[in-house]
Every structure is written in structure tokens, then in C-alpha cells.
Amino acid sequence: MKETKIITDTALAAQDILLGNVVAIPTETVYGLAASIFNESALKDIFKIKGRPQTSPLIVHIGRKDQVQGLCTNVPDVAYELMDAFWPGPLTLLLPKKDVVSHTITSGLNRVGVRMPAHPVALELLQKCRVPLSAPSANPFCSISPTTSAHVFNYFNGKLGYILEGGACSVGLESTIIGFEEGKCVVYRQGCACLSDIEKITGPVTLYGESTSTSSAPGMLKRHYAPRTPLVFCPVNLADCVEKHQGKKVGVLSFSGADGIKSTNVAISLALSSVANEDEAAQNLYASLHYLDSLGLDVIITAPMPHTTIGNAINDRLKRASAL
């Protein structure tokens with residue numbers, strides 16, 4: 001078993017990636033398992049380390065916008081407008097791929113997801129690697145996404161050589177994924193990129209439906225982002241849901257507090273934001289789930305967030321985390 005080290009040296013991380021290894025890296029969304037897109041063996045190692053089926057495509061991360069031209073073909077003008085407006089940042093564009101992009105990355109599909117991360121450490125690493133990197137979330141398949149190096153270490157100690165330290169992720173949710181079908185903009189995965197701002201560029205968008213077995217884009221499987229502890233997503237009265245779990249050790253996760261719940265079986269109640277701030281709620285979501293999952297609870301119960309861009313993105317993650 002190799003010794004996993006948490007490092008701050010981007011040159012060392014780049015060197016290890018170019019030698020054909022997988023390195024955990026920070027982005028503003030979540031930590032990812034990074035490998036060169038031109039190293040087929042390393043790409044396959046990502047799937048092995050995560051236990052991820054090869055039917056689930058990967059996202060390609062770039063350090064410069066002009067790298068899109070080497071990876072993609074028939075890029076619509078509106079995609080370039082979105083790049084100018086949102087990159088670097090948590091927006092992935094699903095575009096027709098060139099042959100240089102391995103089918104391992106796209107799970108045999110003819111489109112590839114590309115984004116330019118906003119994290120300074122990720123961008124520095126990409127500049128030093130000088131090649132695009134595939135970097136899905138650094139967690140076992142379908143488990144809670146990692147937003148700190150400690151989360152990654154707890155998952156993969158002994159399975160990676162290096163984890164590149166970048167602090168807690170500032171966004172905390174996976175990127176919004178957008179593609180284009182018959183000239184229309186389709187949102188495949190909701191994230192923190194504001195849909196109203198996107199629609200100023202694209203016109204009205206369409207939300208793509210769920211998939212239960214295969215994926216047109218990353219993060220679309222019915223069950224995903226899930227803690228080991230059973231999670232109940234309660235669409236109605238939160239207190240009533242708690243009462244249905246009498247005799248169990250319950251953890252409650254809410255947007256800004258659940259003061260009205262006084263059940264004696266609630267072991268802990270966490271608020272994603274004490275000031276009802278949606279950006280803060282997104283940033284705290286996965287860290288809160290990791291913490292609750294460590295407490296030996298019988299069940300975690302949560303309620304829907306406000307129906308805004310960020311709130312809907314959080315609700316999407318919680319619904320998938322609660323799916324059986």
C-alpha cells in the first residue's frame with residue numbers, strides 16, 4: 001500500500017500526473033481525481049480507484065479557453081459567449097468531441113464535458129501540466145463529494161500518491177452542465193451558475209430528465225452523493241417526518257435552522273447557513289453530510305431548500321443522495 005501525502009507543491013503534483021499517476025486536486029466546486037487526458041492507463045485508474053462504472057463519463061478541465069478548439073468541433077457561437085461570461089468558473093459545456101478525446105473519457109459518447117476551474121491552485125497545476133486533465137470528484141462512486149483534502153484522505157489513504165491541498169472548496173457543489181440539442185440549450189446538471197444569467201445569453205433553457213442506469217453527462221445517475229447513513233428527503237412538514245422515526249437516532253439538516261422541531265429523538269440539528277445565505281449553504285452541504293455521516297446516526301432527515309438556482313441544485317443533490 002502506497003503512502004498518501006497531502007502536498008502544496010503544484011510542480012510535484014504536475015510531475016506525478018505526467019508520469020501517469022492519478023493525483024487528487026482542489027477546484028472551487030469539489031476535489032477531483034486528476035489524470036492526463038492523453039494517458040489511457042491513468043484514465044482507467046480513475047475508474048478503478050473510484051469504483052466508477054465506465055458508463056459514467058468524465059469532465060475535462062482546461063487552463064486556457066483556447067484549448068477548447070483542440071478538444072471540440074462544431075462549437076456553437078453561444079458556447080463561446082458562455083465561456084466568456086462564466087469561465088473560469090463552475091460551468092461545464094457539453095460539446096462535440098474531436099478524436100483526440102478518448103472514448104474512455106466520454107463513455108463512448110460523441111460529446112465531451114469541458115470546463116475551466118476557478119481555483120487558483122487548479123489553474124496553476126493546469127499551467128504546469130500543459131495538458132488538459134480529467135478530474136471527476138475524489139470520492140468512491142455515489143458517495144458524498146469531498147470539499148476538503150481531509151475528505152479525500154479519509155476515502156483514499158493508501159490508494160493515491162498525492163493529494164494537492166487547496167483549502168475548503170469555495171463553491172462546494174459540482175458544476176452546472178449545459179449542452180445544446182437542435183439549437184436549444186439544455187441543462188443536464190444544475191449547479192451554482194445562475195440560470196437567469198445563462199438565459200440572458202442562451203434564451204430559455206430546458207432541464208434534462210433523470211437517468212437511472214446510463215449517463216448523457218456526469219452526475220446524472222438516480223443515486224449519487226449519498227452518505228452511508230440513510231438519508232430522507234422530506235418534501236412536506238419536516239417535524240412530521242421526524243416524528244415518523246421515533247425510537248431512532250435522528251440527525252436533521254436544514255437550510256437555516258429547524259427550531260420548531262422538539263422531538264427527543266433528534267440527536268443533532270444542523271443548519272447549512274445560520275443567516276439563510278444560499279452560497280454559504282452550498283459551500284457547507286457536503287461537509288455537513290460528511291459530519292452527520294460520522295456520528296453513527298440511524299437516519300438523516302432534510303427538507304427542500306428555496307426554489308432558486310442554488311437551492312434547486314442543492315435539492316437535486318439531496319434527492320439523489322436519498323434515492324434507493
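Heads up: these notes are all about the structure in this document. Bear in mind the structure is a predicted one, so any value in this text is a computation, not a measurement. (Residues numbered from 1 in each chain as written. Predicted model: local features only at pLDDT ≥ 70, side-chain atom pairs only at ≥ 80, totals over all residues. Heavy atoms only, no water.)

## Observations regarding the environment of Val 112
With respect to the element layout, Val 112 can be found in strand S6 (residues 111-115). Distance in space between the C-alpha atoms of Val 112 and Ser 273 is 35 Å, their sequence separation being 161 residues. The contact partners of Val 112, leaving out residues within four places of it in the chain, are Val 60, Cys 72, Leu 93, Leu 94, Leu 95, Lys 97, Val 101, Ile 105 and Thr 106. (Helix = DSSP H or I, 4+ residues; strand = E, 2+ residues; numbered from the N terminus. Contact = heavy atoms within 4.5 Å.)

## Thoughts on the pairing of S6
When you tally the buried positions in S6, you get four out of five residues, the bulk of the element. Here strand S4 (residues 59-61) pairs with S6 via three bridges, running parallel. By the bridge assignment for S6, His 61 is matched with Arg 115. Summarising the sheet, strand S5 (residues 91-96) and S6 pair through four bridges and their orientation is antiparallel. (Buried < 20%, exposed > 50% of the residue type's maximum accessible area, 1.4 Å probe, protein only. Pairing = 2+ DSSP bridges.)

## Some words on the sheet that holds strand S12 (residues 231-233)
Strand order in the open sheet formed by four strands is S12-S15-S13-S14, and the pairing between neighbours is parallel. Unpaired on one side and paired on the other, S12 and strand S14 (266-271) mark the two borders of the sheet. The sheet shows a mean angle of 20° between the axes of neighbouring strands, taken without regard to direction. Alignment of strand S13 (residues 250-254) against strand S15 (residues 299-302), held across four bridges, turns out to be parallel. Its bridge partner being in S15, Val 250 is matched across the sheet by Val 299. Contacting S12, S13, S14 and S15, helix H10 (residues 278-293) runs over the sheet at an angle of about 170° to S14. Where helix H11 (residues 309-322) meets the sheet, its contacts fall on S12 and S15, and the angle it forms with S12 comes to roughly 130°. (Axes fitted to C-alpha atoms, helices over the stretch in contact; angles between N-to-C directions.)

## A closer look at H11
An ideal rise of 1.5 Å per residue puts 20 Å on 14 residues; H11 measures up with 20 Å between its terminal C-alpha atoms. Counted residue by residue, H11 has twelve buried out of 14 residues, so it is predominantly covered. Thr 309, Ile 310, Gly 311, Ala 313, Ile 314, Asn 315, Asp 316, Arg 317, Leu 318, Arg 320, Ala 321 and Ser 322 are the residues of H11 that are buried. (Expected span 1.5 Å × (residues − 1).)

None of the figures reported here should be taken as evidence of function without further support.
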